[in-house]
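Structural features, examined
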Amino acid sequence: VQLVESGGGSVQAGGSLRLSCAASGMTSNINAMAWHRQAPGKQREWLAAITSGGKIDYVDSVRGRFTISRDNAKNTVFLQMDSLKPEDTAVYYCAADWADLGVGQTYWGQGTQVTVSS
């Protein structure tokens, strides 16, 4: 499975960005996809996930501001980020939880930088 993120950039506080993550390869075995982020000097943080059945969850810090969605036909997951804050500045990664015949693995994209200025 290969994951390619896009849509990062620089925005002022209060603005919006939409990240995309396109999956290719053995995508039929992907059970869930998620977004994470890592700010300088901090651990990687889980933000949101969506299962193949459409179940969605968010970390409290982004709930109500970020929206995860997916286009199954295009094997793409999105993260709509609104009301951005300077503390949202980080490298954003998408991840895919893949499993087949009892073997599971998480695949990661290369990351996309999001910078929010005050």
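Attention here is on the structure that accompanies the text. Just so it is clear, the structure is predicted and the values come from calculations on it, not from any experiment.

Backbone geometry at S83 places phi at a positive 50°, although glycine is not the residue there. As for its placement among the helices and strands, S83 is situated in the loop between β8 (76-81) and β9 (90-100). At L101, a residue that is not glycine, the phi angle is positive and equals roughly 55°.

Moving on to the packing of aromatic side chains. Ring pairs (aromatic) are described by centroid distance and by the angle formed between their planes. According to the stated counting rule, one finds two aromatic pairs in the structure shown. With centroids separated by 6.5 Å and ring planes inclined at 85°, the aromatic side chains of Y93 and W108 adopt a geometry described as edge-to-face. With Y93 in strand β9 and W108 in strand β10 (residues 103-108), the pair connects residues that are 15 residues apart, well separated along the chain. Residue class for Y93 comes out buried when judged on its relative accessible area of 13%.

Okay, the sheet that holds β8 next. Spatial ordering of the open sheet is given by β1-β3-β8-β7, a layout of four strands whose pairing is antiparallel. The sheet is open, and its two borders are formed by β1 (2-6) and β7 (66-71), each paired with just one other strand. Each strand axis lies, on average, 15° off the axis of its neighbour in the sheet, ignoring direction. Sheet topology places strand β3 (residues 17-24) next to β8; six bridges connect them, and they run antiparallel. Pairing of L19 across the sheet is with L79, part of β8.

What counts and how
Residues numbered from 1 in each chain as written. Predicted model: local features only at pLDDT ≥ 70, side-chain atom pairs only at ≥ 80, totals over all residues. Heavy atoms only, no water. Helix = DSSP H or I, 4+ residues; strand = E, 2+ residues; numbered from the N terminus. Phe/Tyr/Trp six-rings, centres within 6.5 Å; stacked < 30°, edge-to-face > 60°. Buried < 20%, exposed > 50% of the residue type's maximum accessible area, 1.4 Å probe, protein only. Pairing = 2+ DSSP bridges. Axes fitted to C-alpha atoms, helices over the stretch in contact; angles between N-to-C directions.

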